[in-house]
Protein chains: 2
Amino acid sequence: MSETKQEGITAKKAQDFDEWYTQAILRSELADYSPVSGCMVYRPSGYAIWEKLRDGTDKEFKKAGVQNAYFPLLIPERLLTKEQEHVEGFAPEVAWVTEAGNSKLEERLAIRPTSETIIYEVVRKWIRSWRDLPLRLNLWNSVVRWEFKHPTPFLRGREFLWNEGHTMFATREEADAERDQILGIYKKVTEGLLALPGLVGRKTDSEKFAGAVASFSIEHVMPNGKAIQGPDFHSDGQNFARAFELGFIDQKGERQLVWQNTWAITTREIGVMIAVHGDDKGLIIPPKVAPIQVVIVPIVNDETRSRVLEEAKRIRDLLQDSYLVRLDDRDYLTPGRKFNEWELKGVPLRLEIGPRDINQSQVVLVRRDTSMKRAAKMIEVVAEVGRELEDIQKALLARATESLASSVHTARSYDELKDTIAKEGGVVQAAWCGSEECEEGVKAETGAKIVNMPLDQPAVVGTCVFCGKAGIAIANFAKSY
Amino acid sequence: MSETKQEGITAKKAQDFDEWYTQAILRSELADYSPVSGCMVYRPSGYAIWEKLRDGTDKEFKKAGVQNAYFPLLIPERLLTKEQEHVEGFAPEVAWVTEAGNSKLEERLAIRPTSETIIYEVVRKWIRSWRDLPLRLNLWNSVVRWEFKHPTPFLRGREFLWNEGHTMFATREEADAERDQILGIYKKVTEGLLALPGLVGRKTDSEKFAGAVASFSIEHVMPNGKAIQGPDFHSDGQNFARAFELGFIDQKGERQLVWQNTWAITTREIGVMIAVHGDDKGLIIPPKVAPIQVVIVPIVNDETRSRVLEEAKRIRDLLQDSYLVRLDDRDYLTPGRKFNEWELKGVPLRLEIGPRDINQSQVVLVRRDTSMKRAAKMIEVVAEVGRELEDIQKALLARATESLASSVHTARSYDELKDTIAKEGGVVQAAWCGSEECEEGVKAETGAKIVNMPLDQPAVVGTCVFCGKAGIAIANFAKSY
């Protein structure tokens, strides 16, 4: 009945990454397919990770002065089409509601692919003068984009969960200043919670958000050497403000248009996290987002069961004020089967306890990331578990940071760029002249596009890797999801 | 530009409740209309109340062992139609997606009006034996029901936010035992957070959820004397399990169907809370769900401004570790205007501080619920504010409980029932024989339906208020939303 139940991963991450990834997600019970093609189910452990990422990020948003709100799921067609670039970007992927009950609707309603248009139409009434600004709203919701590309759980699908920040300022300077604040929050939570480093940079014009003036992103690198876009931030300038007549009276009594930004982090991050940290045994979930941080596995036989279980429960009770603990007292599975299951599910720390441990007033701690096993004094178990969890969190980020660094190459010539993309994958940093022709040329010949351009640029950029003319920026070239 | 900005409520709650309610919601900036008829916008303060109710309820669900998950927004038509009563109940209100991008879909997709069908189709694969049970899932999401009745913010609309709990058990006994647990949680959070009492009871067969065996609800009474359904709980028996072949192997190795429940609390509770507690000055928000619990209004003139503001900031800093505080230091509004605005918005406690207060080492506390004003020693301000907030929370529940009690009447005869419904409104408790004819008869003649039947029933019920035959239960008759 259940094909995946208690079945380990058979694919090797290094040899068949795509198959490994799918098995890791499904067999660990993080997610499942649904009867709607391209839409996935977030099972409890997958959703718990999202809750932790969402709540951790939300706390930072609130600290920064952003306020949450909720806007309708459905957007009338006439609104969606108000900003030209925006509608051209999204129309091919919009799911349309055309009927309700037994009636045909007079106007088609889009399921939000993103909420700019309905928000701006409504908040226009809320803003009268400079005193009502800034207005910094955020929504946590799901959006639908009816893509026809091959769906992959968490990484690409027709519905995903995200935050969408939509902010309005009186001046361009204030709007621009928000960029570092929000990208800083995204960096803090992806690194601090998910142990996922990334490359912060600006998108090229051909890659920017439909309707934005400039887009910025954090790009991650997957184990297969492909880049994948993480959280993003868009400076919308006054594009939407013009289309939606989003104005205010400034301090001089003159009417001005607001300056806007939009920004997002999505459930895709969970997929990247799984891909980056996992191994052939399964997931490795960073302690700060793990639904279970410590699993206690009692090592028992019929004779010792009651004594060991009693001690195991005592330890669980000690730990559970500080950590997310699960005591696996199922009597129909061997310890070995339990080890496999919790390793597959990525629980960062295992605590083993048997009769001998009790006699020696110790427990055995086994790290998921390194498989390192050591005894710890029973009397120090709370502190010892805390130390291990902190170490694991740090070690995962360190390992991922090292791995990212080793995936970033530089190229002084086009041959070098081509060669590195073909043989090593990852990101190649090279100078670019700013022309779409060169961007397209590299992509057509190597498969690598400009995923973004680092915010810190050298004083002298050098010549364009493709055409040899003067470069305007060092760009991050990579094959990409 | 904004018609509602800083505009007070002109309607009187006691005289024109509907108009008062609409003004209270819109002018306090809790919610707004949207360009999609029947779909509202939750503005930051309205959404903040929902976050507090959601998080408080979610904590209780987690403590009870329920796990959160997320299932797709869209449900294929073939699934929605699998359980006959269910589809008949929901089909007239389903919003259908028929097109995506430029393509017509082969099968219509329903925007979830509720998620039973897609959940059961998927979880069938997750359940193999009794060891996989119980499976207790919960979703926090939004649902769309395309009603054609007049929409009212929070109370009735085409999209609302809610929790939907969906649980599966090996035995009927376990499933039934969940009822008291979940209704207990709903009672705890509606009373404890929203200060909203209600009448717990069982629905009649004609009022039960489409697909359920029995439905239970908490009914509130609005200030206009109409009942309104709050959180509900449905015993689904094996109805869906049969339709979706949701089975498991029991301990004897035999195949059985699971027993199911579903349960929900929605954003409607916010509307009921506003209606029950508010007054002619505006909202009164219970401290436990208030986005701002204490507003500090400095009483200043040009000469004293800097000294008073400095002290006001010090007090804000003292309070903000324990409470949600806002210092209103806007220099372009008089204290009187500020008082009006925060009273309209329902902030439970106002703290005034002026030069004289500083000289006397005191602050002035003004309760929103009673308008009572008293001085408190500056040195005890943290504890004093805490005491007042606790008192306000208790007083609101006490007042609402008294008001509910005075809205519940009993009737021994049909004349008495008719008379009470017509003259006093509220709930009339009377015996009922269990026949749909009598239920319908009372409704046709008085406008009052059976909203539910108390769980605790007297040993002797008496004769049916309508037909005079033997009664099976005391029922709560009321005009209802």
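If you're wondering where the values come from, they're calculated on a predicted model, not measured in any experiment.

Draft legend 1. Layout of the packing of aromatic side chains. Residues and elements named next belong to chain A. Counted by the stated rule, this structure contains 30 aromatic pairs over all chains. Ring geometry for W50 and W140: centres 5.9 Å apart, planes at 70 degrees, overall edge-to-face. Of this pair, W50 sits in helix α2 (residues 44–63) while W140 sits in strand β7 (residues 135–144), and the two are 90 residues apart along the sequence. An identical accessibility class is assigned to W50 and W140; each is buried. Note on F216 and F233: the rings are 6.5 Å apart at their centroids and 55 degrees apart in plane angle, and the pair reads as tilted. Taken together, the positions of F216 in strand β10 (residues 214–221) and F233 in strand β11 (residues 227–237) put the pair 17 residues apart, joining distant regions of the chain. Each member of the pair F216 and F233 is classed as buried. Members of the aromatic cluster, connected to one another through ring pairs, are W50, F61, W140, Y186 and W263.

Draft legend 2. Summary view of the interface of chain B and chain A. With 66 residues of chain B at the contact, the number on the chain A side is 66 residues. Summed over both partners, the interface of chain B with chain A buries about 5700 Å², with 60% contributed by carbon and sulfur atoms. Our count for the contact surface shared by chain B and chain A stands at six salt bridges. One salt bridge connects K62 of chain A with E51 of chain B, and the closest N-O pair in it is separated by 3.2 Å. The interface formed by chain B and chain A includes 25 residue pairs in polar contact (both at pLDDT 80 or more).

Draft legend 3. Representation of the nonpolar core in the model. Membership of the largest hydrophobic core comes to 182 residues, with the highest contact counts inside it found for F71 and I111 of chain A together with F71, I111 and V123 of chain B. In this structure, V123 of chain B is in contact with F71, L135, L137, M168 and L246 of chain B, ignoring residues within four places of it in sequence.

Draft legend 4. A look at the pairing of strand β10 (residues 214–221) of chain B. Residues and elements named next belong to chain B. When you tally the buried positions in β10, you get eight out of eight residues, the bulk of the element. Bridging between strand β9 (residues 199–202) and β10 involves four bridges; their strand directions are antiparallel. Residue pairing for β10: G201 is matched across the bridge by S217. Pairing between β10 and strand β11 (residues 227–237): seven bridges, direction antiparallel. Bridge assignment links V221 to a residue of β11, and that residue is A227. Counting the residues in the hairpin turn of β10 and β11 gives five residues, including G225, whose phi is positive at 85 degrees.

Draft legend 5. Quick peek at the relation of the copies chain B and chain A. Turning chain B through 180 degrees and shifting it by 0.0 Å along the axis lays it on chain A, with an RMSD of 0.0 Å. What the rotation and shift describe, once combined, is the action of a two-fold rotation axis. When C-alpha distances to the rotation axis are compared across chain B, the minimum falls at V97 of chain B, with a value of 2.1 Å.

Draft legend 6. Representation of empty space enclosed by the protein within the structure. Scanning all chains against the criterion turns up two cavities of 30 Å³ or more. Put simply, the largest cavity is a space of about 330 Å³. Taken together, 22 residues line the largest cavity, and the ones lying closest to its centre are W140, N141 and S142 of chain A together with W140 and N141 of chain B. When residues of the lining of the largest cavity are traced back to their parent elements, those giving at least two are α2, β7 and β8 (159–169) of chain A together with α2 (44–63), β7 (135–144) and β8 (159–169) of chain B. In terms of residue class, the lining of the largest cavity is built from 14 nonpolar, four polar and four charged. The space that makes up the second largest cavity amounts to roughly 80 Å³. Surrounding the second largest cavity, 13 residues form its lining, E343, V347, R350, V366 and R368 of chain A being those nearest its centre. Secondary structure elements with two or more residues in the lining of the second largest cavity: α10 (335–344), β17 (349–353) and β18 (362–367) of chain A. Of the residues forming the lining of the second largest cavity, the biggest block, three residues, is contributed by α10 of chain A. For the lining of the second largest cavity, a count of residues per class yields seven nonpolar, one polar and five charged.

Draft legend 7. Main features of helix α8 (residues 268–277) of chain A. Across the ten residues of α8 of chain A, nine count as buried, placing the element largely inside the fold. Here α8 of chain A has its buried residues at R268, E269, I270, G271, V272, M273, I274, A275 and H277 of chain A.

Draft legend 8. Structural view of the side chain of E51 of chain A. Structurally, the position occupied by E51 of chain A is in helix α2. Only 3.2 Å separates the side chain of E51 of chain A from the side chain of K62 of chain B, close enough to count as a polar contact. Once you skip the residues sitting within four places of it in the chain, E51 of chain A turns out to touch D58, K62 and N68 of chain B.

Draft legend 9. Up close: the environment of P223 of chain B. Residue and element names in this part refer to chain B. As for its placement among the helices and strands, P223 is situated in the loop between β10 and β11. Since its relative accessible area comes to 41%, P223 is described here as partly exposed. Along the primary structure P223 and A14 are separated by 209 residues, whereas in three dimensions their C-alpha atoms are 8.0 Å apart. Residues contacting P223, with those up to four places away along its chain left out, are K13, F17, A275 and V276.

Draft legend 10. Representation of unusual backbone geometry in the model. All names here are of chain A. Between L133 and P134 the backbone carries a cis peptide bond, its omega angle lying at -5 degrees. Structurally, P134 can be placed in the loop between α5 (116–123) and β7. Notably, F154 is not glycine yet its phi reads approximately 70 degrees, a positive angle. Along the chain, the position of F154 falls in the loop between β7 and β8. Its identity as a non-glycine residue notwithstanding, S361 has a phi of 50 degrees, on the positive side. Residue S361 is classed as partly exposed on the basis of its relative accessible area, which comes to 44%.

Draft legend 11. Summary view of the domain arrangement of chain A. All names here are of chain A. Along its sequence, chain A is carved into domain 1 (17–277), domain 2 (287–391) and domain 3 (408–478). Every contact between the two is made by 15 residues of domain 1 and, on the other side, 16 residues of domain 3. Together domain 1 and domain 3 conceal approximately 1200 Å² of surface at their shared face, both sides included; 61% is due to carbon and sulfur atoms. The largest contributions to the domain 1 side of the interface with domain 3 come from L199, T204 and E207, which together make up 35% of the buried area. Counting across the interface, domain 1 meets domain 3 through one salt bridge. Residue K449 pairs with E207 through a salt bridge whose shortest N-O separation is 3.0 Å.

Draft legend 12. Structural context of the packing of α2 of chain B against helix α8 (residues 268–277) of chain B. Residues and elements named next belong to chain B. Look at α2 against α8: their axes get within 10 Å of each other, and the N-to-C directions meet at 110 degrees. The orientation of α2 with respect to α8, classified from their angle, is roughly perpendicular. At the point where α2 passes α8, the crossing takes the right-handed sense. For the pair α2 and α8, the contacting residues are G46, I49, W50 and L53 in the first and E269, I270 and M273 in the second. Taken together, the residues of the contact of α2 with α8 break down into five nonpolar, one polar and one charged.

Scoring rules and cut-offs
- Residues numbered from 1 in each chain as written.
- Chains lettered and ligands numbered in written order.
- Predicted model: local features only at pLDDT ≥ 70, side-chain atom pairs only at ≥ 80, totals over all residues.
- Heavy atoms only, no water.
- Phe/Tyr/Trp six-rings, centres within 6.5 Å; stacked < 30°, edge-to-face > 60°.
- Helix = DSSP H or I, 4+ residues; strand = E, 2+ residues; numbered from the N terminus.
- Buried < 20%, exposed > 50% of the residue type's maximum accessible area, 1.4 Å probe, protein only.
- Contact = heavy atoms within 4.5 Å.
- Buried area = accessible area lost by both parts, 1.4 Å probe.
- Salt bridge = Lys/Arg side-chain N within 4 Å of Asp/Glu carboxyl O.
- Polar contact = N/O pair within 3.5 Å; in protein donor to acceptor, adjacent residues only side chain to side chain.
- Core = buried A, V, L, I, M, F, W, Y, C linked by side-chain atoms within 4.5 Å.
- Pairing = 2+ DSSP bridges.
- Least-squares fit on C-alpha atoms with pLDDT ≥ 70 in both.
- 1 Å grid on protein atoms, 1.4 Å probe; cavity = no way out; pocket = protein on both sides within 12 Å on 5 of 7 lines; lining within 4 Å.
- Points joined across faces, edges and corners; volume = space filled by probe spheres on them.
- Nonpolar A, V, L, I, M, F, W, Y, C, P; charged D, E, K, R; others polar.
- Domains from an automatic or database assignment.
- Axes fitted to C-alpha atoms, helices over the stretch in contact; angles between N-to-C directions.
- Parallel < 35°, antiparallel > 145°, perpendicular 65-115°, else oblique.
- Left-handed = near helix turned anticlockwise from the far one by under 90°.

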